[in-house]
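Structure at a glance
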Amino acid sequence: MLGPLWNFLKRHRRKCIFVGTFLGGVYLLGKYGQKKIKEIQEREAAEYIAQARRQYHFESNQRTCNMTVLSMLPALRDALMQQLNSESLTALLKSRPSNKLEIWDDLKIISFTRSIVAVYSTCMLVVLLRVQLNIIGGYIYLDNAAVGKNGTMLLAPPDVQQQYLSSIHHLLGDGLTELITVVKQAVQKILGSVSLKHSMSLLDLEQKVKEIRKITEEQKPPSWVDTTGPRSLLCHYMMPDEETPLATQACGLTAGDVTTIKLLNETRDMLESPDFSTVLNTCLNRGFSRLLDNMAEFFRPTEQDLQRKDSMNSLSSVSLPLAKIIPIINGQVHAVCSETPSHFVQDLLMMEQVKDFAANVYEAFSTPQQLEK
């Protein structure tokens, strides 16, 4: 029985070798394909887990951003009320002094300055913390992902994180003082000559705020340092210039200092980007719109106003003397800089532009390519 089979194989030796080689190749190819498919599946599963982990870390980081903003608002409000103390002027007015008119004029300037600076500084605080905490959050994610690798140095050690995040105090200190100076000059220019008896509608008030904003955002801060590159004037209030004492030390810098300077420079680059300017401007528009919405509660037309034929627009149908508007706007600092989630702060924290910008910052600083830089 084996003889005929052997003869058949001898007669068709080449065909048999070819068929055997082909079947062996198919078998090996199949094994190789199975191995590759398994590797691809494992890699996809690992990427999915890493992406899910990074998404969870990002969302946790955004909650930290929100809580940090809310926790810092009381300090911002206290700093504003200390530098723009309208309460002392109000107390003086109750004593019926002889220079009552002068005190009212001072109260007018301080009240408008305080509320306008409150909007500016709160918007800046929201967007600046979004940048800082997402930059440091990206580095922390990379550090956590690199745990266990031999010879791995942390990108953002705890001492660097603390030193870097402490730069936010510029906005609450020197930056705020300079912003107050610029806004106060703008308020003086627009409202200084307006009589206390002059009646203003909500539309009139909105126009005055726009004029004050225009001057503020086009005027260079007192300690402005001209550079060759494009810079937003508002950036100066949020971060000090690069020529800080830490950066100008020729020697004696620790590795942590060098890392902190690197983080600050990366933050400064981000603040000077067109995307940041767009997001900040959007926040400012929303913030001042919310401020006027708060004021609108006191400009509600009466039934008689609504019945008048010439009251086509309710925003201009009610006018109040400037003396009555001053106490209203003076108290807005408590609504703007509120540590409880007020409508004002909630609007800023929940804005889609802010969320998208935060996601882009986190994405840029949480990718493995950062380890190679």
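Residues numbered from 1 in each chain as written. Predicted model: local features only at pLDDT ≥ 70, side-chain atom pairs only at ≥ 80, totals over all residues. Heavy atoms only, no water.

Observations regarding the overall build of the protein
Counting its regular elements, the protein contains 18 helices and 2 strands. The burial tally for the protein puts 41% of its 373 residues in the buried class. Residue pairs at least 24 apart in sequence account for 82% of intrachain contacts in the protein once pairs closer than 6 positions are excluded. When the accessible surface of the protein is split by element, carbon and sulfur atoms take 57% of a total near 21100 Å². (Helix = DSSP H or I, 4+ residues; strand = E, 2+ residues; numbered from the N terminus. Buried < 20%, exposed > 50% of the residue type's maximum accessible area, 1.4 Å probe, protein only. Contact = heavy atoms within 4.5 Å. Areas by Shrake-Rupley, 256 points an atom, 1.4 Å probe, with all protein chains shown as cover.)

Quick word on helix α4 (residues 100-145)
Residue pairs three or four apart in sequence face the same way in an α-helix, which turns once every 3.6 residues. Compared with an ideal rise of 1.5 Å per residue, which puts 46 residues at 68 Å, α4 spans 65 Å between its outermost C-alpha atoms and is within 8% of the ideal. In terms of burial, α4 is a largely internal element, 38 of the 46 residues being buried. (Expected span 1.5 Å × (residues − 1).)

Brief notes about the side chain of S366
Following the sequence through the fold, S366 ends up in the segment after α18 (352-365). A polar contact of 2.7 Å, which involves the side chain of S366, links it to the backbone oxygen of Y362. (Polar contact = N/O pair within 3.5 Å; in protein donor to acceptor, adjacent residues only side chain to side chain.)

Let's talk about the state of the cysteines
Inspection of the entire model under this criterion finds 0 disulfides. C123 provides the cysteine sulfur closest to C337, a residue in no disulfide bond, and the two sulfurs are 9.9 Å apart. (Disulfide = S-S within 2.5 Å.)

Some points on unusual backbone geometry
Unlike most non-glycine residues, R96 shows phi in positive territory, near 55°. One can find R96 in the loop between α3 (86-94) and α4. Classification of R96 as exposed rests on a relative accessible area of 75%.

So, the nonpolar core
Side chains of nonpolar character tend, in soluble globular proteins, to be buried together. Among the nonpolar cores identified, the biggest contains 95 residues, and L80, F112, Y120, M124, M238, L280 and I325 are the most heavily contacted of them. It is α4 that contributes the most residues to this core, 23 residues altogether. When sequence neighbours within four positions are dropped, the list of residues in contact with L280 reads C123, M124, V127, L234 and M238. (Core = buried A, V, L, I, M, F, W, Y, C linked by side-chain atoms within 4.5 Å.)

What about the environment of I135?
Mapped onto the elements of the fold, I135 is located in helix α4. For the pair formed by I135 and M270, sequence separation is 135 residues and the distance between their alpha carbons is 9.8 Å. In contact with I135, other than residues within four places in its own chain, are Y164, L263, E266, T267, V361 and F365.

Section: the confidence of the model for the protein
The share of residues in the protein with pLDDT of 70 or more is 73%, and the mean pLDDT across the chain is 82. Confidence scores differ between elements of the protein, with helix α10 (residues 245-248) showing the lowest mean pLDDT of 48 and helix α7 (residues 174-191) the highest of 95. Note on residues 243-248: pLDDT is under 50 here. Beyond four places in sequence and across chains, it has 8 contacts. (pLDDT = per-residue confidence, 0-100.)

Some thoughts on the pattern of salt bridges
Applying the stated criterion across every chain yields a total of 6 salt bridges. Here R213 and E217 are joined by a salt bridge, their closest N and O atoms 3.0 Å apart. Of the two residues, R213 and E217 are both situated in helix α8 (residues 202-218); the distance of 4 residues between them amounts to about one turn of the helix. R213 gets classed as buried once you look at its relative accessible area, which sits at 14%. (Salt bridge = Lys/Arg side-chain N within 4 Å of Asp/Glu carboxyl O.)

What to know about the packing of α4 against helix α5 (residues 158-165)
Viewed as axis vectors pointing N to C, α4 and α5 meet at an angle of 170°, and their least axial separation amounts to 11 Å. The orientation of α4 relative to α5 falls into the category roughly antiparallel. Between α4 and α5, the contacting residues are Q132, L133, I135, I136 and I140 on the first element and Q161, Y164 and L165 on the second. (Axes fitted to C-alpha atoms, helices over the stretch in contact; angles between N-to-C directions. Parallel < 35°, antiparallel > 145°, perpendicular 65-115°, else oblique.)

Topic: the environment of L322
Residue position: L322 is located in helix α15 (residues 322-330). In this structure, the C-alpha to C-alpha distance between L322 and V194, residues 128 residues apart in sequence, is 8.2 Å. In contact with L322, other than residues within four places in its own chain, are K108, F112, V194, S195, L196, H198 and M200.

Overview of the packing of α4 against α15
The geometry of α4 relative to α15 is characterised by a closest axis approach of 9 Å and an angle of 40° between their N-to-C directions. Taken together, the axes of α4 and α15 lie oblique to each other. Handedness of the crossing formed by α4 with α15: left-handed. Packed against α4, whose contacting residues are W104, L107, K108, S111, F112, R114 and S115, the element α15 presents L322, A323, I325, I326, I329 and N330 at the interface. Looking at the contact of α4 with α15, its residues break down into 8 nonpolar, 3 polar and 2 charged. (Left-handed = near helix turned anticlockwise from the far one by under 90°. Nonpolar A, V, L, I, M, F, W, Y, C, P; charged D, E, K, R; others polar.)

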